[in-house]
Amino acid sequence: MKTLIIHCWHAMASIRLTIILCILLTLNAAWGYFCLHGNASLYMPMNDMGLIPWAKTYGRSSLLLTAWFFLLLFLLALLVCNTFTCTTDRVYRLLRAGKTTSPMCLAFKLAPHLMHYALIIILAGYLCSYLFSQVLTGQTLVPGTHLSLPGAKGQVTFTSFAPEYYQGQRLDFFTDHILTPRAHLLLSSENSTREAILTATRPVRFQGYTLHMIDFAPKSLGGMNMPTRIDLHIRKDPGVFLYLSGMALFSIGLLFYVCEWILLKEVNKQSV
Amino acid sequence: MISTHTALQAACLFYGLAFIASLTTLQHRRVLIAALLIPGLAASLLIVVLRYHQAWPMLPLHLTPVAVLLCLGLLYPIAANAAESALQQPVQRSLLAAMVLVAACTLCFPKDFYLPFVKSKTLFAHAFLVFGAIGKACFLVSVSWALAALMQTRHAYSTSHLHRAMHRCHFWTVWGFALWTISMFNGGLWSYFGWGTPVVWEDPAILTTMSAWFFYACFLHLHLTRSWTLTGRAACAVVGGLAVLALTFLPDLGPFRNPLQL
């Protein structure tokens, strides 16, 4: 049994498998582009309903257009296993040999492995996001109204709308158009009350939820006779922290790798 | 006032002439190429400035091909710099050919009619464009070096040239991969801050970006593990690189428009 596990581990840790998987993922993503092009409406609900309900409905009903996506999930799962086993093998060897090398040198040598682990964290974060996110769509607020967050004792009140307009007349279409829809919110919990500004690109975090502005009205100065409103998506996404941490880790690893590569390998002009 | 279309026509003309000059055997060929590249570069810069001026602080949509053109022009003096003329010429020619191709495609299939949108008013959107364009330019440079390496395989005496060319190919691939990754991360952050989701399915460009990322991850693994022969890796960099890079340009190209129309 132990031999079988070791055999499977080594087979999974093969760099040849990495290369094959990367080629397959390249081809799969290219295939996905042609399936997604013009059929985005088939995939968009996944962001709100999550992966499993989407797979059971949209995914299953249009299998010709979504097969690439299921294959992508399978290939990514294999890539994660392959990356984990391969990287762990190498890190183990490095750490064992690391007793004789300087900490800085060891940090440089560990940089590529950090990137590999970070990739796994990013992919795990995305998966968590699509499996466990709670999304409340279609939450509309007008000034003075409020909404309560499910399972939380907090309340969000939309106090006022203070937009910023497009300056100058560089693009006719945007003359007097709102560029930054700035909504002032009052976030009240049991113990405290604070103000927050929500814009189209700056969500607000409150009691584990994130409030995202999806749409707003009026869109321009001329449309001010339209009632002011903001449309929100409220999300509780446990994957965000994971994939943002993964990106930060990957960036650190990349920085170390590029530094090492410039400082050492490029100077020494190693052979190819 | 000069329009972006006219500036693109001028860029295309100057890059085309520079490419023709690179094919000649003139004594002052390098000076001539430089003299033709500078106005081409100025025209590319003008398009980027004009588009940015209109859209600022939002992101001008589908600007990537022109931004890549500008980056290639700026990288050209460093990218095509090699001690051996046997390597320099093919790299220069293929880089100029790439510039002409990108300029011609952008001119014939423009997609500059899309208006910017409010959600693109974020630093992440601009970083996504800038890093992506530089990354793509680096990948094109790496393809040029791989092409130069492939040309060396015909001569038995040029093993050292082949090694040097592939070394440069790897150098540019690493830079391209690092910048491409940073661009993708910025895209991910833009998606999260703008829509609250990890992926914005409305834009299929995410898949061409992903495809290029996996291809270059594969190429770097091939290089670092020396799994294939140098010629095999060079062929992979040329054929695969050109295919995935062409794919990444697809989302930024629109319907055909007469390139000579004023």
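Residues numbered from 1 in each chain as written. Chains lettered and ligands numbered in written order. Predicted model: local features only at pLDDT ≥ 70, side-chain atom pairs only at ≥ 80, totals over all residues. Heavy atoms only, no water.

> Before we move on, could you go through the overall build of chain B and cite the residues and values that matter?
Per the secondary structure count, chain B includes eight helices and zero strands. Going from the N terminus to the C terminus, chain B shows its helices and strands as α-α-α-α-α-α-α-α. The dimensions of chain B, computed from C-alpha atoms along their principal axes, are 60 × 45 × 25 Å. In chain B, buried positions account for 61% of the 262 residues. Long-range contacts, defined here as pairs at least 24 residues apart, represent 81% of the contacts in chain B between residues at least 6 apart. A total of about 10300 Å² of accessible surface is found on chain B, and carbon and sulfur atoms cover 73% of it. Distance from the positive charge centre (14 side chains) to the negative charge centre (5 side chains) of chain B: 12 Å. (Helix = DSSP H or I, 4+ residues; strand = E, 2+ residues; numbered from the N terminus. Buried < 20%, exposed > 50% of the residue type's maximum accessible area, 1.4 Å probe, protein only. Contact = heavy atoms within 4.5 Å. Areas by Shrake-Rupley, 256 points an atom, 1.4 Å probe, with all protein chains shown as cover. Lys, Arg positive; Asp, Glu negative; His and termini not counted. Charge placed at Lys NZ, Arg CZ, Asp CG, Glu CD.)

> Could you give an account of the side chain of Arg-51 of chain B, with specific residues and numbers?
With respect to the helices, strands and loops of the structure, Arg-51 of chain B is situated in helix H2 (residues 29–55). For the buried Arg-51 of chain B, which has no salt bridge, the nearest side chain bearing the opposite charge is Asp-112 of chain B, at an N-O separation of 5.2 Å. (Salt bridge = Lys/Arg side-chain N within 4 Å of Asp/Glu carboxyl O.)

> Describe the packing of aromatic side chains, listing the residues and the values that go with them.
Within this structure, the stated rule accounts for 35 aromatic pairs over all chains. For the ring pair Tyr-192 of chain B and Phe-193 of chain B, a centre distance of 5.2 Å and an interplane angle of 70 degrees mean the geometry is edge-to-face. Residue Tyr-192 of chain B is classed as buried on the basis of its relative accessible area, which comes to 6%. Since its relative accessible area comes to 25%, Phe-193 of chain B is described here as partly exposed. Geometry around Phe-216 of chain A places Lys-219 of chain A over its ring, the cationic atom sitting 4.6 Å from the centre. Directly above the aromatic system of Trp-195 of chain B lies the positively charged group of Lys-119 of chain B, at a separation of 5.8 Å from the ring centroid. (Phe/Tyr/Trp six-rings, centres within 6.5 Å; stacked < 30°, edge-to-face > 60°. Lys NZ or Arg CZ within 6 Å of the ring centre and 35° of its normal.)

> Can you break down the interface of chain A and chain B residue by residue, with the values?
Residue-level contacts link 67 residues of chain A with 59 residues of chain B. Our count for the chain A to chain B interface comes out at zero salt bridges. Counting the contacts that link chain A with chain B gives twelve residue pairs in polar contact (both at pLDDT 80 or more). Of all the secondary-structure elements, those providing two or more residues to the side of chain A that touches chain B are helix H2 (15–36), helix H3 (40–43), helix H4 (46–49), helix H6 (63–97), helix H7 (103–132), strand E5 (178–180), strand E9 (209–217) and helix H8 (239–268) of chain A. Per-element tally for the side of chain A that touches chain B: the top contributor is H2 of chain A, with 13 residues. (Polar contact = N/O pair within 3.5 Å; in protein donor to acceptor, adjacent residues only side chain to side chain.)

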